[in-house]
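Read off the chains here:
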Amino acid sequence: MSGSRCQRLDVESLVDAYRADLVAAGQFAEHPVTSVARTFLARVGLDGWARLPLADQCALPTKVRRVVSWLIVTGRLRPSADYLVACRPYLGEVAAHHHRALHERFTTVSAELGFAPFVTRLQWSATVKAAALAGLAPDQLTKEALENGRVALTAALSRHRPGSHGVMALSGALFGAETTLYHLGVLDASAQRRPGDRSATRAAAWAAVPDRLAATLCGYIEQVRLPLRPATVYHGRKRTVISEEAEQLFRSKPNSDFGGSRTVISVQAEHPFRMKPNSMGGCGGSI
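Since the structure is predicted, the reported quantities are computational estimates derived from the model, not experimental observations. (Residues numbered from 1 in each chain as written. Predicted model: local features only at pLDDT ≥ 70, side-chain atom pairs only at ≥ 80, totals over all residues. Heavy atoms only, no water.)

Visitor: I'd like to hear about the overall build of the chain, residue by residue, with values.
Guide: In terms of regular secondary structure, the chain is built from 16 helices and zero strands. Relative to its full complement of 287 residues, the chain shows a buried share of 40%. Look at the contacts in the chain between residues 6 or more apart in sequence, and 62% of them connect residues 24 or more apart. Accessible surface, the chain as shown: approximately 15800 Å² in total, 55% of it carbon and sulfur. (Helix = DSSP H or I, 4+ residues; strand = E, 2+ residues; numbered from the N terminus. Buried < 20%, exposed > 50% of the residue type's maximum accessible area, 1.4 Å probe, protein only. Contact = heavy atoms within 4.5 Å. Areas by Shrake-Rupley, 256 points an atom, 1.4 Å probe, with all protein chains shown as cover.)

Visitor: Explain the nonpolar core residue by residue, including any values.
Guide: Among the nonpolar cores identified, the biggest contains 54 residues, and Phe40 and Leu181 are the most heavily contacted of them. Contacts of Leu181, omitting those with residues within four sequence positions, involve Phe106, Thr127, Pro138, Leu141, Leu146, Val186 and Leu187. (Core = buried A, V, L, I, M, F, W, Y, C linked by side-chain atoms within 4.5 Å.)

Visitor: Give me the lowdown on helix H8 (residues 100–112), citing residues and values where you can.
Guide: If you check H8, its first and last C-alpha atoms are 18 Å apart, about what 13 residues at 1.5 Å a residue would give, namely 18 Å. Of all the residues in H8, the buried ones are Leu102, Phe106, Val109 and Ser110. The arc enclosing the buried residues of H8, seen along the axis, measures out at 100 degrees, which places them on a common side. Those residues of H8 that are exposed and aimed more than 90 degrees away from the buried face are Ala101 and Glu112. Along its buried surface, H8 packs onto helix H9 (117–134) and helix H11 (166–184). One or two positions beyond H8, positive phi appears at Gly114, with a value near 100 degrees. (Expected span 1.5 Å × (residues − 1). Arc of directions from axis to C-beta.)

Visitor: Can you explain the side chain of Thr127? Please cite residues and give values.
Guide: Residue position: Thr127 is located in helix H9. Separated by 2.8 Å, the side chain of Thr127 and the backbone oxygen of Gln123 make a polar contact. Once you skip the residues sitting within four places of it in the chain, Thr127 turns out to touch Phe106, Pro138, Leu141, Leu174, Ala177 and Leu181. (Polar contact = N/O pair within 3.5 Å; in protein donor to acceptor, adjacent residues only side chain to side chain.)

Visitor: I'd like to hear about the packing of H9 against helix H10 (residues 143–160), residue by residue, with values.
Guide: Helix packing geometry: the angle between the two helix axes and the distance between the axes. For the pair H9 and H10, the least separation of the axes is 9 Å and the interaxial angle reads 95 degrees. Comparing their axes, H10 and H9 come out roughly perpendicular. Of H10, the residues touching H9 (which contributes Lys129, Ala130, Leu133 and Ala134) are Ala145, Leu146, Gly149, Ala152 and Leu153. A per-class count over the contact of H9 with H10 returns seven nonpolar, one polar and one charged. (Axes fitted to C-alpha atoms, helices over the stretch in contact; angles between N-to-C directions. Parallel < 35°, antiparallel > 145°, perpendicular 65-115°, else oblique. Nonpolar A, V, L, I, M, F, W, Y, C, P; charged D, E, K, R; others polar.)

Visitor: Give a description of the state of the cysteines that names residues and reports values.
Guide: Inspection of every chain in the model, using the stated rule, returns one disulfide. Cys58 shares a disulfide with Cys87; S-S distance 1.7 Å. As the torsion about the S-S bond is roughly -70 degrees, the Cys58-Cys87 disulfide counts as left-handed. Note that Cys58 is positioned in helix H4 (residues 54–59) and Cys87 in the loop between helix H6 (81–86) and helix H7 (91–98), a separation of 29 residues in sequence. A relative accessible area of 7% places Cys87 in the buried class. (Disulfide = S-S within 2.5 Å.)

Visitor: Hey, could you go over the confidence of the model for the chain for me, with residue numbers and the actual values?
Guide: The pLDDT averaged across the chain works out to 79; a share of 64% of its residues lies at or above 70. Throughout residues 229–240 the model reports pLDDT below 50, and contacts reaching past four residues in sequence, or to other chains, amount to 18 contacts. Confidence drops under a pLDDT of 50 for residues 258–287, and excluding neighbours within four residues, the segment shows 63 contacts in the predicted structure. (pLDDT = per-residue confidence, 0-100.)

Visitor: I'd like a description of the pattern of salt bridges, backed by residues and values.
Guide: Note that side chains of opposite charge can pair when their charged atoms are close. Here the structure, examined in full by the defined rule, presents five salt bridges. Residue Arg38 is joined to Glu12 by a salt bridge in which the shortest nitrogen-to-oxygen separation is 2.8 Å. Taken together, the residues span a long stretch of sequence, with Arg38 in helix H2 (residues 31–43) and Glu12 in helix H1 (residues 3–24) at a distance of 26 residues. Between Glu147 and Arg150 there is a salt bridge, with its nearest N and O atoms 2.6 Å apart. Highlighted residues: Glu147 and Arg150, both in helix H10, separated by three residues, approximately one helical turn. Exposure remark for Glu147: the relative accessible area of 28% places this residue in the partly exposed category. (Salt bridge = Lys/Arg side-chain N within 4 Å of Asp/Glu carboxyl O.)

Visitor: If you had to explain the packing of aromatic side chains to someone new, which residues and values would you point to?
Guide: Summed over the entire model, instances satisfying the criterion amount to three aromatic pairs. Seen in terms of ring centroids, Tyr18 and Trp70 are 4.9 Å apart; in terms of plane orientation they differ by 55 degrees. Their pairing is tilted. Highlighted residues: Tyr18 in helix H1 and Trp70 in helix H5 (residues 62–73), separated in sequence by 52 residues. A single burial state applies to Tyr18 and to Trp70, both of which are buried. For the pair Phe106 and Trp124, a centre-to-centre distance of 5.3 Å together with 65 degrees between the ring planes defines the contact as edge-to-face. Of this pair, Phe106 sits in helix H8 while Trp124 sits in helix H9, and the two are 18 residues apart along the sequence. (Phe/Tyr/Trp six-rings, centres within 6.5 Å; stacked < 30°, edge-to-face > 60°.)

This is the structure we're talking about:
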């Protein structure tokens, strides 16, 4: 069988699948629609589309991009994050038709969790995009695939829409989507907030504290570490607050001698500030 004949058979097979999916979704599936798919698949094809520059992918007519979106949501074509951000292919809407049962369950569970309808739509859209990047169906997603999708889409948003609220909206949508997918039984763990990395801020704050005072405060941390769980002492926020208070103390009393042998309690007695040891040996007040 010749290569051209094989190609024609592949094209017709995809066109038949496209028509069947449109019919199943209750959409128009006659010649004006299927002929667009046939022409695109014969002239450009899946590999040809992947080789197109991003600008050319985005410049395709809307009726052709509908075919591309169908290929993506059915796992036949893997887009780049740049395409999903720059070309706005409305994957969520397309996937809602072609993954109807899952979309209905997703919408129901999201509503039961208290999410507003427009938030549910954002969650679904973000879920579908992450799935497309991973080459998975939405109900096959893993936490790793969601995180990889978040990273890729965040980078693309920074390139194509710098200064927009897109990154924050995406992060919120994916966080909510994780919760919904967990209750759907797709994920085996619910979403957990990712604390921001403030290590550079903490390092800069501690660098501004004189060595002897820093040693005294670190000694205090070591003292309270013993009766408490490590997480309650070494959490980044506590270290940040302590260093900020120490810097404030030093600025207010720059000539004080904060000897390394003195305890934080004795330093506080002479120079009171917000961080007060409580009866359990921990830090109360602002921490």
